[in-house]
Every structure is written in structure tokens, then in C-alpha cells.
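Letter by letter, the chains look like this.
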Amino acid sequence: MDGSNLQIISVCWPQVETGAGHAASQHRSYRQSESAFRMCPRHKNSSSTRLMQESCGFFKSSRGLRQGNPLSPSLFILLAEVFGRGISRLVSSGLCHPFKLKQGCLPVSHLLYADNTVIFLNGSRNSLKAVKSFIAMYQAASGQKVNQRKSSFYCSHKLSVARVWSHDHLLSFRRSTALFSYLGVPLVKGRIRCSQFSPLVAKVATKLHGWSSKILSQAGRLALIAYVLSGIPVHTLAAMVVPKKVLKDLEGMFANFFWGWREGSRKLHWKKWSSICFPKDEGGLGLRKLKDLMKALHLKLAWGVKFGKEGSL
């Protein structure tokens, strides 16, 4: 779990106690997963390793499943469902209150993604105590732990210093003012600024830094742009309206890589990038302009919202 309006965010340790899995499997909603838990290693199981074709002896397992085990993905999904339903039950029972949205908007109490969790609360002390008590109970039952160092809470800048200190003392999390990314997309408040996409531009630049255009043919560079570089911003393009300047900077990096460098300066660009992005039968190289790609992804999302089946998104 990694954050709060209040958002309690933390990172779970990669371990699941088998006892928690068996307890969850007893619920009628999880009966289909019960067979998976019969395959879980017991604490008394012994394992052995081989080094240079020689056995290094046996050692006993002391914890439950960890990441890397073939069963671990389904087990983590199962326990994440348990955690999510626990938060939803706190809200439905009135023990805690989610962050209020505008009238007509669906209330959101929490979001789950991999080992990250975002919990939205109204900031009342009773709500914080209820969630903190539930997290403590979940940790004891599942074997997963909240990473206090990576956990933080967010609140309005209008909140008094005394109340912020009270939240800090109650949660044992630090307050953070910088918004974070969720599902790889920066969470922004107010107007979207180019600086908020610096990590995306830096990611592309890091990728280019590891490739040497001198030892790659132009066809090889074209393939890397089409299948690697163009895929990096796709998720962000689908979820947000990226500023034109950011798209121009990214395409400029693509163009510089395609045409190459000579003695620290870029080579002459014999054709505009927009012309290169034409289809091959129209004289281009079949690449896609990021602006057109973003528009197509947004139209696909709008189509899914209006005509897609329930739950298709």
C-alpha cells in the first residue's frame, strides 16, 4: 500500500502467510481458489539447493509464499480482494467516511494496483483510527507489512498545522506535498504542465542513451522507434491530454535518433518528421504521430464508455 486525501500509501512486503490464504479460501466467494491453497508449502516443508551439481543440504521453510513462486500472483490478487472488501465494509458500515467528491460522482474509497494501495478518506480522526486498526489486523492475518518509510499521506494546504501534526502522529506516516503517479500516470491538480511529464521524457532519453546510433543501421533505428520508443508513452497518451510541447520534444528525440549524430551534433534531417509518419503507400515510413495516436486512444476510450459492455473498461 503506498499513500491519502487522506491517502494511506504503502508497499507490502512480498510474502503471504499460507494461513491467511486458507482462511480466505473458506469464504464462499473464493471456493474456486481453494484447490490452489492445497498446493501451498507448509512451514514444516524442507527444501534443498544444488551448487555445481552437488547438494548443499536441506533447510526448512519458515514463511509463506513469496514473489517468484508460480502460485504467488493469484494469492496476492486474492488477498488484495480481501483488503479491498475490508475497506469497503468499513465505509458501508459507517466506521470511516471516504473523501467527498462533487455531486453526481461515484464515491471512491480506495484504489489497488499491484502492491500499491491508495485510500481516500475525509480526514476525520475516527476514520483514520478505523483504517489504521483494520490495516493492523490485516498485517497480523496476512503476513504482509506496511512499509512506513515509503508510506505518506496527503491533505489540503488549508489544513491547520495542529491537525496535520495530529494526523502525522496517529498514522506514523510522513506528510507529502508532491503528488505521485498511479498506474504510470502523474496525478495532477489544476492545469496540466509540461514539467509534470519530465519522468516520461527522461525515460525515453535513458533508453536512447543506451543505444549507439553509430552501430545501428537506419532500418534498425526505424524498428526501435516503431516498436520500442513509440510504445513508451502509449499508456500516458491514453489516460491524459499530453501538452503539445511534450509531444514535440518526444518526436524531436525520435527524429534525432533516426537521422543520427556526427561528432556531437545532429545530422541533417532530410525530411520533416510529419512526412516520415505518412503511410508507406503515401511516401512515408509507416510511423505514427503521437498527436494522432493520442486522439485515436481517446476515441477508443469514449467508444468503450458509450457502447462497450459493462465492465469492459
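Reading the values: rules and limits
Residues numbered from 1 in each chain as written. Predicted model: local features only at pLDDT ≥ 70, side-chain atom pairs only at ≥ 80, totals over all residues. Heavy atoms only, no water. Helix = DSSP H or I, 4+ residues; strand = E, 2+ residues; numbered from the N terminus. Buried < 20%, exposed > 50% of the residue type's maximum accessible area, 1.4 Å probe, protein only. Polar contact = N/O pair within 3.5 Å; in protein donor to acceptor, adjacent residues only side chain to side chain. Contact = heavy atoms within 4.5 Å. Salt bridge = Lys/Arg side-chain N within 4 Å of Asp/Glu carboxyl O. Axes fitted to C-alpha atoms, helices over the stretch in contact; angles between N-to-C directions. Parallel < 35°, antiparallel > 145°, perpendicular 65-115°, else oblique. Nonpolar A, V, L, I, M, F, W, Y, C, P; charged D, E, K, R; others polar.

A. Just the side chain of S127, in detail. Tracing the sequence through the fold places S127 in helix α4 (residues 125–142). Residue S127 is classed as buried on the basis of its relative accessible area of 0%. Polar side-chain contacts of S127 include one of 3.3 Å to the side chain of N122. Other than its neighbours up to four places away in sequence, S127 contacts L95, C96, H97, L121 and N122.

B. Expanded view of the pattern of salt bridges. Applying the stated criterion across every chain, the model contains two salt bridges. We note a salt bridge from D249 to K245, for which the minimum N-O separation is 3.1 Å. Of this pair, D249 and K245 both sit in helix α9 (residues 244–259), separated by four residues, roughly a single helical turn. Residue D249 is classed as partly exposed on the basis of its relative accessible area of 34%.

C. Structural view of unusual backbone geometry. One non-glycine residue, S172, adopts positive backbone phi at about 65°. On the secondary structure map, S172 appears in the loop between α5 (161–171) and β8 (174–175).

D. View of the packing of helix α7 (residues 218–227) against α9. The geometry of α7 relative to α9 is characterised by a closest axis approach of 8 Å and an angle of 155° between their N-to-C directions. Relative to α9, the element α7 lies roughly antiparallel. Residues Q218, R221, L222, L224 and I225 of α7 form the contact with α9, whose own contacting residues are F254, F257, F258 and W259. Here the residues of the contact of α7 with α9 are counted per class, giving seven nonpolar, one polar and one charged.

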